[in-house]
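For reference, the chains in residue letters:
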Amino acid sequence: GGGVFASGTFKMSGPAVIRSCTAEGTSFNCGGGVYVDGSFEMSGEAIIEGCQAISNSSNSSNGGGVYLANNTKFTLSGNAVIQNCTATNSANSGEAYGGGVSAACVKEITLADSARIVGCAAANGSGLYITGSQVPGYGKLFANGGSVDGDVVLGDTEDGPSTITGSGGTVFNGKVTVTP
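Residues numbered from 1 in each chain as written. Predicted model: local features only at pLDDT ≥ 70, side-chain atom pairs only at ≥ 80, totals over all residues. Heavy atoms only, no water.

Trainee: How should I be thinking about the overall build of the chain in this particular structure?
Mentor: The helix and strand tally for the chain stands at zero helices and 21 strands. Seen through its principal axes, the chain has C-alpha atoms that stretch 40 × 40 × 30 Å. Here the chain, with 180 residues, has 51% of them falling under the buried criterion. Summarising the internal contacts of the chain: among those between residues at least 6 apart in sequence, 78% fall at separations of at least 24. (Helix = DSSP H or I, 4+ residues; strand = E, 2+ residues; numbered from the N terminus. Buried < 20%, exposed > 50% of the residue type's maximum accessible area, 1.4 Å probe, protein only. Contact = heavy atoms within 4.5 Å.)

Okay, structure coming up:
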């Protein structure tokens, strides 16, 4: 994590800001703003902005704003925003995942209220990238409000499918791909 590495429970609320952080190198380039292994609740007026996950090798870059490790739960609610974050790879441009949020075998992600992912960039899933999982109960996106500008990728052929469910109201301003 360029700004924060959290193992366990991490809560970011109120007017908290993580800005212009970078996770960069040749091996593990995940979570330009925040890397979480556990649970992450981002609410209120919290902001993650201008963060980058940068790789300069054959290894991928993941989560310009936020990277969620295996078994993690993430809730983005209130007026919280992840904005203008990028995941890039100068050695292999196709190995960049989740400009806003990237998740590996995540348990669940919940988008609610007026929370937003906006202005982020990556070769795969500029807004949100979830690898999915073969484990029952994993790889769930609960679309309960908020918005995602940019592409959303749910699931992949290697790790497995993801599902999208919820009470509705989430606005997707970009292409949404759900891997069968």
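Trainee: What's the story with a nonpolar patch on the surface in this structure? I'm lost.
Mentor: Side chains of Ile164, Val176 and Val178 sit close together on the surface and give an oily, nonpolar patch of about 210 Å² of accessible area. Along the polypeptide, Val176 turns up in strand β21 (residues 176–178). A relative accessible area of 36% places Val176 in the partly exposed class. (Patch = residues over 30% accessible without salt bridge, like charges linked within 9 Å, V, L, I, M, F, W, Y side chains within 5 Å. Areas by Shrake-Rupley, 256 points an atom, 1.4 Å probe, with all protein chains shown as cover. Salt bridge = Lys/Arg side-chain N within 4 Å of Asp/Glu carboxyl O.)

Trainee: Explain the sheet that holds strand β4 (residues 29–30) to me, please; I cannot follow it from the model alone.
Mentor: Through backbone hydrogen bonds, the strands of a sheet pair up, either in parallel or in antiparallel fashion. Spatially, the three strands line up as an open sheet ordered β4-β8-β13, and their pairing is parallel. Every other strand in the sheet has two partners, leaving β4 and β13 (96–97) as the edge strands with one partner each. Bridge count between strand β8 (residues 61–62) and β13: two bridges; the pairing is parallel. Counted as the bridge partner of Ser61 is Ala96 from β13. (Pairing = 2+ DSSP bridges.)

Trainee: Hey, could you run me through the pattern of salt bridges in this one?
Mentor: As a working rule, side chains carrying opposite charge can pair if their charged atoms are close by. Using the criterion set out here, one finds one salt bridge in the structure. With its nearest N and O atoms 2.5 Å apart, the salt bridge here joins Glu49 to Arg19. Highlighted residues: Glu49 in strand β6 (residues 47–49) and Arg19 in strand β2 (residues 17–19), separated in sequence by 30 residues. Residue class for Glu49 comes out buried when judged on its relative accessible area of 17%.

Trainee: It is not clear to me how the layout of surface pockets should be interpreted in this structure. Could you clarify?
Mentor: The rolling of a water-molecule-sized probe over the atoms marks out the regions of remaining empty space. Space inside the largest pocket adds up to approximately 270 Å³. Lining the largest pocket are 14 residues, and of these Asn62, Tyr97, Thr131, Asp156 and Asp159 lie nearest its centre. Of the residues assigned to the lining of the largest pocket, the class counts are six nonpolar, four polar and four charged. (1 Å grid on protein atoms, 1.4 Å probe; cavity = no way out; pocket = protein on both sides within 12 Å on 5 of 7 lines; lining within 4 Å. Points joined across faces, edges and corners; volume = space filled by probe spheres on them. Nonpolar A, V, L, I, M, F, W, Y, C, P; charged D, E, K, R; others polar.)

Trainee: Teacher, can you tell me more about the packing of aromatic side chains here?
Mentor: What describes a pair of aromatic rings is the distance from one ring centre to the other and the angle between the planes of the rings. One pass over the full model with this rule turns up five aromatic pairs. Each ring, one from Phe40 and one from Phe74, has its centre 5.0 Å from the other, and the planes form 25°; the classification is stacked. Within this pair, whereas Phe40 is found in strand β5 (residues 34–42), its partner Phe74 is found in strand β10 (residues 73–76), the two being separated by 34 residues in sequence. Phe74 shares its class with Phe40; the two are buried. Ring-pair connections join several aromatic residues into one group, and the members of that group are Phe5, Tyr35 and Tyr67. (Phe/Tyr/Trp six-rings, centres within 6.5 Å; stacked < 30°, edge-to-face > 60°.)

Trainee: It is not clear to me how the side chain of Gln83 should be interpreted in this structure. Could you clarify?
Mentor: Considering the arrangement of structural elements, one finds Gln83 in strand β11 (residues 81–83). Judged by relative accessible area, Gln83 falls into the buried class, the value being 17%. With residues up to four places along the chain from it excluded, the contact list for Gln83 reads Ile47, Ile48, Glu49, Gly50, Arg116, Val118 and Cys120.

Trainee: In this structure, what is going on with unusual backbone geometry? I would like to understand it.
Mentor: Apart from glycine, the bulk of residues carry a negative phi angle, and the bulk of peptide bonds sit in the trans form. Positive phi values are uncommon outside glycine, yet Ser20 reaches one of about 55°. When you line up the elements, Ser20 lands in the loop between β2 and β3 (22–25). Look at Ser20 and you get exposed, because its relative accessible area is 55%. Although it is not a glycine, Asp113 sits at a positive phi angle of roughly 60°. Its location among the elements puts Asp113 in strand β15 (residues 108–118).

These values are about where atoms sit, not about what they do.
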